[in-house]
Amino acid sequence: MSLNTKPNIASPDDFYQDLIDLHRDLSDEESRDLNARLILLLANHIGDMGILKAAMSAARKDT
């Protein structure tokens, strides 16, 4: 299995709005903590170290 970087969310605008709403009324620190928890939950769900490392590399490359 390899990292899927093609659009794969049925309603990306809805997802983005939900993500923005999730952070509403949070301080910068609370928002960073929330992002960290969300990343760890999703990483656990994925569970494949090869995919996770590919995702980390892709994210770092675009930073």
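Since the model is a prediction, treat every value here as computed from it, not as a measurement.

Colleague: Before we move on, can you summarise the side chain of S31 with the specific residues and values?
Modeller: Examined against the element boundaries, S31 turns out to sit in helix 2 (residues 28–46). Judged by relative accessible area, which is 18%, S31 ranks as buried. Within the local environment of S31, its side chain forms a polar contact with the side chain of H23, the two groups lying 2.6 Å apart. If we ignore the near neighbours within four places in the chain, the residues touching S31 are H23 and L26.

Colleague: Please give an account of the packing of helix 1 (residues 12–23) against helix 2 that cites residues and values.
Modeller: At their nearest, the axes of helix 1 and helix 2 sit 10 Å apart, and the two run at 130 degrees to each other. On the basis of the axis angle, helix 1 is oblique to helix 2. Counted together, L19, L22 and H23 of helix 1 and S31, L34, N35 and L38 of helix 2 form the full contact between these two elements.

The rules we used
Residues numbered from 1 in each chain as written. Predicted model: local features only at pLDDT ≥ 70, side-chain atom pairs only at ≥ 80, totals over all residues. Heavy atoms only, no water. Helix = DSSP H or I, 4+ residues; strand = E, 2+ residues; numbered from the N terminus. Buried < 20%, exposed > 50% of the residue type's maximum accessible area, 1.4 Å probe, protein only. Polar contact = N/O pair within 3.5 Å; in protein donor to acceptor, adjacent residues only side chain to side chain. Contact = heavy atoms within 4.5 Å. Axes fitted to C-alpha atoms, helices over the stretch in contact; angles between N-to-C directions. Parallel < 35°, antiparallel > 145°, perpendicular 65-115°, else oblique.

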